[in-house]
Amino acid sequence: MSTGTEGWQGGCLCGSVRFRLAGQPLALLYCHCRMCQRAAGAPVVAWATVPVASLAWSGAPRRIYRSSPEATRAFCGECGSPLAFQSDAEPDRLDLTVAAFDRADLLAPDHHVWVSSRLPWFETQDRLPRHPTGSEN
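Residues numbered from 1 in each chain as written. Predicted model: local features only at pLDDT ≥ 70, side-chain atom pairs only at ≥ 80, totals over all residues. Heavy atoms only, no water.

A full pass over the atoms with the stated rule returns 1 cavity of 30 Å³ or more. Within this model, the largest cavity holds a volume of roughly 40 Å³. A per-class count over the lining of the largest cavity returns 2 nonpolar, 3 polar and 3 charged. (1 Å grid on protein atoms, 1.4 Å probe; cavity = no way out; pocket = protein on both sides within 12 Å on 5 of 7 lines; lining within 4 Å. Points joined across faces, edges and corners; volume = space filled by probe spheres on them. Nonpolar A, V, L, I, M, F, W, Y, C, P; charged D, E, K, R; others polar.)

Shown next, in the form of structure tokens:
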């Protein structure tokens, strides 16, 4: 079981990198920015914002890539699965890819960010709030 008293668990495609989150995510969102699109090879990425202090990594060490002057991204060095995004401006929190959670079905985003970068051929039918750039968490 991936939720409950032991917290939320997840990891990469090959299982080499694992994580455990104590408590609940601070925010759940869809990001449409070009950097997320390129890093994931997808039109949108679902993120769970979590406190760094509540997160424990295990297994193989994750690889870190400085994707911009202001942020880094973590991924599995074996299978390449995108796992995390961290802004230098918020060192006490990071975003984990929702799809990397073992029970991703229980973590539904409640808003969209960076819709100004949305690919014109991709549109969701939900009625969730949409923000042209980032949002307040």
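Here the focus is the nonpolar core. General note: in soluble globular proteins, nonpolar side chains tend to be found buried as a group. By size, the foremost hydrophobic cluster in this structure holds 19 residues, and its most contacted members are Val 50, Leu 96 and Phe 101. Mapped by element, the contributors of at least two residues to this core are strand S2 (17–21), strand S4 (45–51), strand S8 (82–87) and strand S9 (93–97). Here this core takes 3 residues from S2, the largest share from any one element. Sequence-distant contacts of Leu 96, that is, excluding residues within four places in its chain, are made with Phe 19, Ala 46, Trp 47, Ala 48, Val 50, Leu 55, Trp 57, Leu 83, Ala 84 and Phe 101. Of all hydrophobic cores here, the second largest spans 9 residues; its members include Leu 29, Cys 33, Val 45 and Ala 71. (Core = buried A, V, L, I, M, F, W, Y, C linked by side-chain atoms within 4.5 Å. Buried < 20%, exposed > 50% of the residue type's maximum accessible area, 1.4 Å probe, protein only. Helix = DSSP H or I, 4+ residues; strand = E, 2+ residues; numbered from the N terminus. Contact = heavy atoms within 4.5 Å.)

Our focus in this paragraph is the sheet that holds S4. Taken together, the 7 strands give an open sheet; going across it, the order is S6-S7-S8-S9-S4-S3-S10, and neighbouring strands pair in mixed fashion. The sheet terminates laterally at strand S6 (63–68) and strand S10 (112–113), the two strands that pair on one side only. Across 5 bridges, the pairing between strand S7 (residues 71–75) and S8 is antiparallel. Counted as the bridge partner of Arg 73 is Phe 85 from S8. (Pairing = 2+ DSSP bridges.)

Strand pairing within a sheet occurs via backbone hydrogen bonds; the two strands may be parallel or antiparallel. As summarised here, the arrangement of the 3 strands in space is S1-S2-S5, forming an open sheet in which the pairing is antiparallel. On the outer flanks of this sheet lie strand S1 (8–11) and strand S5 (55–59), each paired with one strand and no other. The mean inter-strand angle of the sheet, taken between neighbouring strand axes irrespective of direction, is 20°. (Axes fitted to C-alpha atoms, helices over the stretch in contact; angles between N-to-C directions.)

What follows covers the pattern of salt bridges. By the definition in use, this model includes 7 salt bridges. For the salt bridge of Arg 103 with Asp 105, the shortest nitrogen-to-oxygen distance reads 2.6 Å. On the basis of relative accessibility, which here comes to 54%, the residue Asp 105 falls in the exposed class. Arg 130 is paired through a salt bridge with Glu 123; the nearest N and O atoms lie 3.1 Å apart. The partly exposed category is assigned to Glu 123, whose relative accessible area is 41%. Shared partners join several salt bridges into a network, and the residues in it are Arg 118, Glu 123, Asp 126 and Arg 130. (Salt bridge = Lys/Arg side-chain N within 4 Å of Asp/Glu carboxyl O.)

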